[in-house]
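Fold and contact review
Below are the chains, spelled out letter by letter.
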Amino acid sequence: MINIPKGTRDMLPDEAYKWHYIEDIARKTAALYGFKEIRTPMFEHTELFLRGVGETTDIVNKEMYTFLDKGGRSITLRPEGTAGVARCFVENGLQQNPMPMKAYYIASVFRYEKPQNGRLREHHQFGVECYGSEAPEADVEVISLAHDFLRRAGLDFAELNINSIGCPECRARYNAALKEYIGQNLHAMCAQCRERFDKNPLRILDCKEEECKKITANAPKITEFLCEDCKAHFDSVRAGLDELGVPYKVNPSIVRGLDYYTRTVFEFVSTDIGAQGTVCGGGRYDRLVEQVGGKPTPAVGFGLGLERLLLVLENTGRLAASESSVEFYVAPMGDAAKKVARQIVAAKRRSGVSAETDIVGRSLKAQMKYADRIRAKYVVVVGDDEIARDEAEIKDMQSGETSRVALSSLLK
RNA sequence: GUGGAUAUAGCGCAGUUGGUUAGCGUGCCAGGUUGUGGCCCUGGAGGCCGUGGGUUCGAGUCCCACUAUUCACCCCA
């Protein structure tokens with residue numbers, strides 16, 4: 001017996017409708033905001049993620065599916081969607097198109113993690129990318145799209161946390177101030193934070209260790225160190241969200257785990273699926289395109305975990321049961337009737353109406369049972385009697401009532 | 001990577017202090033006279049009791065290891 005690989009999931013036919021449901025809402029919402037679909041490869045050169053996502057991140061350090069292909073190239077299954085889009089943008093010269101470029105994707109991403117509730121090795125994201133505008137309106141557009149999508153999907157209670165981590169200049173000043181504040185207390189912090197102290201001090205704020213949290217509780221806040229431009233930008237983003245009536249909370253401790261973020265960062269968090277509550281994470285990444293080899297191009301976007309979204313919707317009873325069923329099940333009796341049944345089914349399908357007939361060789365009773373199980377709306381019974389009289393019996397499976405119609409009317 | 005829990009039929013579960021051919025519910029297939037579903041009844045298929053060792057006359061049951069699953073930490077969607 002060969003089992004499914006750790007941290008992956010099968011999508012069974014009976015639950016396909018759930019995926020169609022949220023993917024449909026994603027596509028429609030994206031379209032309403034003028035975002036078009038973009039598709040990039042499932043794997044890229046490893047170098048892209050090293051440069052794009054950042055070598056100090058957990059994702060790059062320990063979570064990538066990396067292997068050598070037969071040509072000896074280092075290949076990585078995409079651990080997130082943004083870097084690939086940035087590469088695609090640069091490689092295809094999309095900066096020549098009218099700006100902004102607004103694109104979305106629905107794609108699977110891969111991370112070598114230890115699976116738990118809401119965390120998989122392959123999961124699916126609905127992501128959005130907006131390139132070519134550094135205006136706060138772009139941030140607002142992207143955040144409100146995420147908010148709108150979640151609301152349409154039925155998740156109207158996820159909390160939006162936002163923060164600004166400034167531009168590289170503000171961050172340098174802030175990092176210096178943070179290091180000075182921590183100063184002598186560094187030895188009391190966890191091993192990981194001591195490492196962060198040198199590599200990426202900002203992430204110390206993200207630490208969940210009690211001791212570390214105590215030390216950083218009264219640390220200076222990055223928002224106090226923002227330069228004039230970054231401060232104005234953050235203020236405008238908030239004003240824009242207020243204007244649209246999108247509720248949010250400013251949370252100075254969210255800093256995100258990917259190195260490419262600048263200025264605005266945000267998360268939508270749900271409390272209904274246990275520890276892995278972040279359903280959507282995103283922000284601005286003005287330096288990414290440059291890091292990947294393109295001309296400086298400001299950008300904002302988000303990634304939204306579809307498995308987690310479904311988990312929340314299911315846990316809170318917001319996902320309706322499937323309503324799909326066939327319109328007609330045609331139950332033949334005898335060889336002559338089988339041929340007529342095939343003709344009826346073909347005619348129905350030709351005119352866009354779903355129809356099925358027996359392909360197993362079951363008795364009439366068994367066919368009725370099957371039709372019931374698949375929730376067929378109508379069953380058409382055809383036997384020698386019906387053929388002789390040129391009519392068929394139609395049974396409404398809900399009411400149980402039967403009526404007779406001319407065979408010719410079913411064959412149109 | 002670190003901790004805890006679990007592993008018996010497709011799914012959900014029983015299985016006594018170790019003792020014959022391992023059960024129940026549900027689902028699946030077929031029947032309950034001549035051509036009709038849902039309820040009821042009957043029958044059938046389906047299990048190397050996660051894998052490998054050990055203890056024992058005897059292991060689904062006890063011990064060890066491994067593997068897988070799962071929850072939490074870390075991190076993230």
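Residues numbered from 1 in each chain as written. Chains lettered and ligands numbered in written order. Predicted model: local features only at pLDDT ≥ 70, side-chain atom pairs only at ≥ 80, totals over all residues. Heavy atoms only, no water.

1. Details of the overall build of chain A
Operational definition: A run of DSSP states H or I qualifies as a helix once it reaches four residues; a run of E qualifies as a strand once it reaches two. Both are numbered from the N-terminal end. As defined in this context, the radius of gyration uses C-alpha atoms, and a globule is described by 2.2 Å times the residue total to the power 0.38. Remark: exposure states derive from per-residue accessible area (1.4 Å probe, protein chains only) relative to the maximum for the residue type, with buried under 20%, exposed over 50%, and partly exposed in between. Working rule for contacts: check all heavy atoms of both residues, and any pair within 4.5 Å makes them a contact. Every accessible area reported is derived by Shrake-Rupley at a probe size of 1.4 Å, with residue values counting cover from the shown protein chains alone.
The number of helices and strands found in chain A is 15 helices and 16 strands. Taking 2.2 N^0.38 as the reference for a compact globule, 412 residues should give roughly 22 Å; the C-alpha atoms of chain A span a radius of gyration of 28 Å, well beyond that estimate. In chain A, which comprises 412 residues, the share counted as buried stands at 49%. At a minimum sequence separation of 6, the contacts of chain A that also span at least 24 residues come to 68%. Carbon and sulfur atoms make up 49% of the accessible area of chain A, which amounts to about 21100 Å² in all.

2. A short note on the sheet that holds strand 15 (residues 391-396)
Convention followed: One bridge is not enough; two strands pair if DSSP finds at least two bridges between them. Interaxial angles span 0 to 180 degrees and are taken between N-to-C directions of axes, which are lines fitted to C-alpha atoms, for helices over the stretch in contact.
The strand order across the open sheet formed by five strands is 13-12-14-15-16, and the pairing between neighbours is mixed. In this open sheet, the two strands that pair with only one neighbour each are strand 13 (355-357) and strand 16 (402-406). When the angles between neighbouring strand axes are averaged without regard to direction, this sheet yields 25°. Where strand 12 (residues 328-332) and strand 13 come together, three bridges link them in parallel fashion. Bridge pairing in strand 13 places Val-330 opposite Thr-357. Contacts from helix 13 (residues 364-373) reach strand 12, strand 13, strand 14 (378-382) and strand 15, with the element oriented near 170° to strand 12.

3. Digging into the side chain of Glu-386
The topology assignment puts Glu-386 in helix 14 (residues 384-389). In this structure Glu-386 comes out as buried when scored by relative accessible area, which is 8%. Look past the residues within four positions of Glu-386 in its chain and what remains in contact with it is Val-381, Glu-391, Ala-392, Glu-393, Arg-404 and Leu-407.

4. A closer look at the pairing of strand 6 (residues 122-131)
Among the 10 residues that make up strand 6, eight are buried, leaving the element largely enclosed by the rest of the structure. The pairing of strand 5 (residues 101-110) with strand 6 spans 10 bridges and is antiparallel. Looking at strand 6, one finds that Val-109 is bridged to His-123. Two elements, strand 6 and strand 11 (residues 299-305), share seven bridges in a ladder whose sense is antiparallel. Paired with Gly-127 across the strands is Gly-303, a residue of strand 11.

5. Things to note about the pattern of salt bridges
The following threshold applies: Any carboxyl oxygen of Asp or Glu within 4 Å of a side-chain nitrogen of Lys or Arg constitutes a salt bridge here.
Counted by the stated rule, this structure contains 24 salt bridges. Among the salt bridges present, the one from Asp-156 reaches Arg-318, with a minimum N-O distance of 3.2 Å. Here Asp-156 is found in the loop between helix 5 (136-153) and strand 7 (159-164), whereas its partner Arg-318 is found in the loop between helix 11 (306-315) and strand 12, with 162 residues between them in sequence. With relative accessibility at 52%, the residue Asp-156 sits in the exposed group. Judged by relative accessible area, Arg-318 falls into the partly exposed class, the value being 37%. Lys-249 is paired through a salt bridge with Glu-159; the nearest N and O atoms lie 3.5 Å apart. Pair noted here: Lys-249 is in strand 8 (residues 249-250) and Glu-159 is in strand 7, with a separation of 90 residues, a long-range link. Judged by its relative accessible area of 40%, Lys-249 falls in the partly exposed class. Taking the relative accessible area as the measure of exposure, Glu-159 reaches 40% and is therefore partly exposed. Each of Glu-386, Arg-389, Glu-391, Glu-393 and Arg-404 takes part in salt bridges that share partners, so that together they form one network.

From the geometry alone we can't say anything about function, so treat these as descriptive.
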